[in-house]
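# Structure at a glance
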Amino acid sequence: MKHPTFSLRARLSWLNLALILILAAGCRRQTLRDSEPLSPEQALKSFQVEGDFSVQIFAAEPHVTDPVELVFDEMGRAFVAEMLDLPDDPPSGQAPRSRIRLLEDTDGDGRIDRSLIFADKLLQVTSLLPWKGGLLVTAAPEILYLKDTDGDNVADLRKVVFSGFAVVNPESRITNLRYNIDNWIYASNNGREGDIRFLERPDASPVSVLGADFRFRLDRGWFEAESGPTQFGQALNDWGDRFITENTVHVRHVVVPRRYLARNPYFVPGRAAQDISDHGQPSAPLFPRSKPQQWRIARTEMRQRRYRENELDKVRDLNPASEMAGGYFSAAAGGTIYSGDLFPTEYYGNLFTGDVSANLVHRDLLRANGASYLAGRGPHEQDREFLTSTDPWFRPCNFANGPDGALYVVDIYREFIETPESVPEELKKSMDFYSGTNLGRIYRVAPKNSNAKPLMPRLDRASPSELVRYLEHRSGWYRITAQRLLVERQLRETVPALRQMVHTGLTPQSRLHALYALEGLNGLDTGLLQDVLKDGHAELRVHAIRLAEPFLEMASPLAALINDPSPRVQFQLSFSLGQFSGPEITRALSRLAAQNIEDPWCRTAVLSSEAGSSPEMFAALLKQDKLFKTAQEGGLRFLEDYAAVVSARNRPGELDRFLSWMLSHPQLQSERLQIAGLTGLSRGLKIASVVRMRSAAGEKLISRSLTGNSQALNQAARPLVRHFELRSFLRQAEQLALDTRQPAARREVAIVALAGAPFQQTRKTFEAILRQNPEASLAKATLETFSTYDDPEVGEVLLGPWKSYGPVMRGQVLDALLSRREHFPTVLAALESGRIEKASVDLARREKLLSAPDPQWRQRASRLFTGETSDRARVVQAYSPALQLAGNPNQGKALFEKHCAACHWPRQGGRVGPDLSGVSSNTREQLLQSILDPSSAIEPRYTNYIVLTSDGRIHDGIIVSETPGTLSLRNQDIDQTILRRHITEIRASQVSLMPEGLEEGIDPKGMADLLAYLQAAQTSSK
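Residues numbered from 1 in each chain as written. Predicted model: local features only at pLDDT ≥ 70, side-chain atom pairs only at ≥ 80, totals over all residues. Heavy atoms only, no water.

All told, the structure shown has 40 aromatic pairs when counted by the stated rule. Ring centres of Trp802 and Tyr805 lie 6.2 Å apart, and the angle between their planes is 75°; this geometry places the pair in the edge-to-face category. Assigned by exposure class, Trp802 and Tyr805 land together as buried. Over the aromatic face of Trp184 sits the side chain of Arg215, whose NZ or CZ is 3.6 Å from the ring centroid. Against the face of Tyr413 rests Arg441, its NZ or CZ located 3.8 Å from the ring centre. (Phe/Tyr/Trp six-rings, centres within 6.5 Å; stacked < 30°, edge-to-face > 60°. Buried < 20%, exposed > 50% of the residue type's maximum accessible area, 1.4 Å probe, protein only. Lys NZ or Arg CZ within 6 Å of the ring centre and 35° of its normal.)

Below you can see the structure in the form of structure tokens.
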């Protein structure tokens, strides 16, 4: 139902939109232009900067074009990455155009007047990092090392260091190389899939970066996936914390390092990073001075119209980042923390982030908040931004701290910065996405009347002792560059001076740099670390704890710190103590857990280790008077997560011990705690694929919960029945399962409980249930129970009533049989004999058979389906008349809700299809192809994966999350987490999860309606 006031509004809005589209259609060979580009000098006049600052031109065209990254090396040389290929890779056969320039100021006036091409023909170069006199460069699928070895300022050495990164949308490729204080180099990967190889270590196994960022150490030959992930913007503060950026979310803090999560493969943590903005989440409001471009206004009107038509206001508020033309972060980029020595002291440590759509620079003050931080506006910027421009071409995509203490703003200066996929087709035809590719600016922001410092510090000529002294410099650029050079050159003669600085350095920053320089030079020892554990600055203690992890003799000194007043110290202790073992460690971890049980980050830290999730640690917690008895939400969550770890680990005796505690320990007898424990148990046993477990304590706990008066306890216990052999309950379960007079919910529990008995014992009961033609919920429970059996006769039981099954039930039966390798021969034989009609097996299920685990099965499937593959091209051709028909969006909406919404609307379950918020940007031809031939082009994030596990099961779905120990798949509205240790094979399917045959029941006119609906505007929001 439409809003009563929508009709008039819609007419006015569509008049505006129609005018835009008519103008666009009338000048398709011209750019749909809001304004002309400004000269660099004119652009300066468009700026407004808060505080006592000025903006100066550092470099501009022709000396720089399309810049996305600026770095200064130890010689003071300025290099800039120019991403000329943006937004699309060059056509096949053409060389890439992106490059790296070396910038020079020959007359010393502070403005670049000469530039040289240091390296060219690079594919979408996104970031640079000085290293050993050259540059590390990200240009997916590789990280390269480039160096000029003959002094002509042109890189003649070019070698691949890492390979395997995803070549996807340029906005999501490997980028943001950052040298951190811990001597690791971090890079943003945006969670894109890739198996990364280190070319200097061909013997090393590739590292998967799916769902993660990336880090490496070239001095040690180490490389690994890292928590995140982030898109474009990775800021590091003085203490090594990472603050990441992704479009609408302008500041997140990476709280949990991935290496700790890898210790306990049975623990499934939540997030590793969190949004820390205190002024708007997930998208913070902005105060731009520029106006939104006309195409953006038109697109926003489309999206708001669809929002009203779909009555999404009953479900959620407007998404400001995608359903409003401006005023909120929608394209945040380049987050950088200022660490120079030129700005007033109150700006040190501030985070600067650009929004390339809003043409501004936003500033955040970071303040500690427990284990994490909060980011807030400055006192004088509550209703304004640090730097704004009225020029819509101003695109501040990145920043750099200069050796001179200034903050450099990298402006790619394009007319259109958005990826073409996000722009409606009719508008796209009139937009030149390469408009401005010959332009680009870099600005220098500094206090007014500040004296420019020499831009050529020449740390490359500094002696080892001078490099040590540079660690005390007020500027972070000097400190981190000096540390890098000490480690890079392995200047071990500096170890005595560095040890002295650790004790007597004038600032905590200098002491920390000295500490990590020693780490990079293998100059640490336990005596020094114990001294640093007493440092008056909490961050020094945090890093000393972290660096103490390899030293077994540091266990006791660390355990003695559990009463440290700093939340950051306690958080790091919760991780680091888990590297050790023994009664002292158990006691310390239990104390830390009790002290911080309401803090989700500390709970994650404790449970991430073997020691922190041990029965001994939990027993120690139970001894702490009333800890769980008076537990708030944190205590419940800790109990649930601990139960999940113990049950997933499923060690002999350990699980029974926990079940006994659940049965009788006085601290755990409240209903809320019992529910938390039961929920965790079922979650862990499901992950571990445990079935038919014999446990007297488990049987007693489940029976007590199922037969008691608490409906909530009954609900929590139900999922557990499939995992235990409930011998005392089986006879009753058989009777309930067959009793059609019982409520479906009660019969469902009984059917699931039958999984606790051997198949031969319950076979007749299941045959009788199937003959009853059970309703959907009972059929689902029956088939899920069958999927736990590996008995080859299961197939015969399921296929017995095949001819009486409807289409939905047939698909479910096939899915149940194809979920275990043992049943493949049964399905193949039934197909070969005609018992199962080949037409009943759709493309996705055929592919499962064609890629069966056994080569002989694959051959049999190939013989069955040779020549039987669907000719989707013919179907697309048959529906081509729909492209010429005028469609009715309202009728198309009904078709969408019937056929598409379940997978593409988050409000109707876990989404397994792409977010269609930008689908209106596609042509009618593209939409028709996607609907009728979904496997022709699968978006990488929605690739269907087939996962084989050691128990013979075969799972499929899109990968929705990964941890070092687990993999989570989603198939329609069902998520399943699998232990990596159980996975024997993962492979990407060539078939989309979106089913073929959507055209059934839709004639060409209906297809035209559906196309009209999809092209009208967005169908959902993020």
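From this point, the discussion proceeds with the structure in view.
Let us look at the nonpolar core. In this structure, Ile100, Phe618, Phe628 and Phe638 are the most contacted members of the largest nonpolar core, which totals 217 residues. In terms of residue count, the dominant contributor to this core is helix H18 (residues 633-649) (eight residues). In this structure, Phe618 is in contact with Phe628, Phe638, Leu639, Tyr642, Phe658, Trp661 and Leu668, ignoring residues within four places of it in sequence. (Core = buried A, V, L, I, M, F, W, Y, C linked by side-chain atoms within 4.5 Å. Helix = DSSP H or I, 4+ residues; strand = E, 2+ residues; numbered from the N terminus. Contact = heavy atoms within 4.5 Å.)

Excluding glycine, residues mostly have negative phi values, and the peptide bonds linking residues are mostly trans. Residue Pro141 is reached from Ala140 by a cis peptide bond, and omega for that bond is 15°. Its place among the elements puts Pro141 in the loop between strand E8 (134-139) and strand E9 (142-147). In this structure, the amide linkage connecting Gln281 to the following residue, Pro282, adopts the cis form with an omega of 0°. Looking at the secondary structure, you find Pro282 in the loop between strand E20 (273-275) and helix H4 (294-309). One non-glycine residue with positive phi stands out, namely Asn176, at about 55°. Among the structural elements, Asn176 can be located in strand E11 (residues 175-179). Under the relative-accessibility criterion, Asn176 is labelled buried at 0%.

With that settled, the discussion passes to the environment of Phe786. Relative to the helices and strands, Phe786 is located in helix H26 (residues 776-786). You can call Phe786 buried: its relative accessible area is 1%. Separated by 27 residues in the primary sequence, Phe786 and Phe759 have C-alpha atoms spaced 8.6 Å apart. If near-sequence neighbours (up to four positions away) are discounted, Phe786 is found in contact with Phe759, Phe766, Leu770, Val794, Val797 and Leu798.

Strand order in the open sheet formed by four strands is E2-E28-E27-E26, with antiparallel pairing between adjacent strands. The strands lining the two open edges of the sheet, one partner per strand, are strand E2 (53-60) and strand E26 (396-401). The sheet shows a mean angle of 25° between the axes of neighbouring strands, direction not considered. The pairing of strand E27 (residues 407-411) with strand E28 (residues 441-447) spans five bridges and is antiparallel. The residue bridging Asp411 from the neighbouring strand is Arg441, located in E28. (Pairing = 2+ DSSP bridges. Axes fitted to C-alpha atoms, helices over the stretch in contact; angles between N-to-C directions.)

A few words on the sheet that holds strand E14 (residues 207-208). Each strand in a sheet pairs with its neighbour through backbone hydrogen bonds, running either in the same direction (parallel) or in the opposite one (antiparallel). With respect to topology, six strands assemble into an open sheet ordered E7-E8-E9-E10-E13-E14, the strand pairing being antiparallel. Each of the sheet's edge strands pairs with one partner strand only, and the pair in question is strand E7 (127-131) and E14. Note: E8 against E9, five bridges, orientation antiparallel. When the bridges of E9 are listed, Thr138 appears paired with Ile143.

A few words on the environment of Asn350. Looking at the secondary structure, you find Asn350 in the loop between strand E21 (332-337) and strand E22 (351-355). Given the relative accessible area of 4%, Asn350 is considered buried. Considered as a pair, Asn350 and Ile337 are 13 residues apart in the sequence and their alpha carbons are 5.4 Å apart. Among the polar contacts listed, one links the side chain of Asn350 to the side chain of Arg363, at a separation of 2.5 Å. (Polar contact = N/O pair within 3.5 Å; in protein donor to acceptor, adjacent residues only side chain to side chain.)

Here the focus is the pattern of salt bridges. Per the stated rule, a full pass over the model turns up 56 salt bridges. One salt bridge connects Asp564 with Arg541, and the closest N-O pair in it is separated by 2.8 Å. Residue Asp564 is located in the loop between helix H13 (555-559) and helix H14 (567-576), and its partner Arg541 is located in helix H12 (residues 538-547); the two are separated by 23 residues in the primary sequence. Among the salt bridges present, the one from Arg722 reaches Glu784, with a minimum N-O distance of 3.4 Å. Linking Arg722 in the loop between helix H22 (711-717) and helix H23 (727-738) with Glu784 in helix H26, this pair joins segments that are 62 residues apart in sequence. Among the charged side chains, a network of salt bridges with common partners joins Glu633, Arg637, Glu640, Asp641, Arg672 and Arg683. (Salt bridge = Lys/Arg side-chain N within 4 Å of Asp/Glu carboxyl O.)

On to the pairing of strand E29 (residues 945-949), then. The buried fraction of E29 is high, at five of five residues. Of the two faces of E29, both are covered, the one formed by Tyr945, Val947 and Thr949 as well as the one formed by Ile946 and Leu948. Bridge count between E29 and strand E30 (residues 954-962): four bridges; the pairing is antiparallel. Across the sheet, residue Ile946 finds its bridge partner in E30, namely Asp956. As defined by bridge partners, E29 adjoins strand E33 (residues 983-988) across five bridges and the pair is classed as antiparallel. Bridge pairing in E33 links Thr949 to Ile983.

With that out of the way, let us pick up the environment of Leu342. Mapped onto the elements, Leu342 comes out in the loop between E21 and E22. Residue classification places Leu342 among the buried residues on the basis of a relative accessible area of 15%. Residues Leu342 and Leu407, spaced 65 residues apart in sequence, show a C-alpha to C-alpha distance of 9.0 Å.

With that settled, consider the confidence of the model for the chain. For the chain, the mean per-residue pLDDT works out to 87, and 88% of the residues sit at or above 70. Counting interchain partners and residues more than four positions distant, the pLDDT-below-50 stretch residues 1-30 has 25 contacts. (pLDDT = per-residue confidence, 0-100.)

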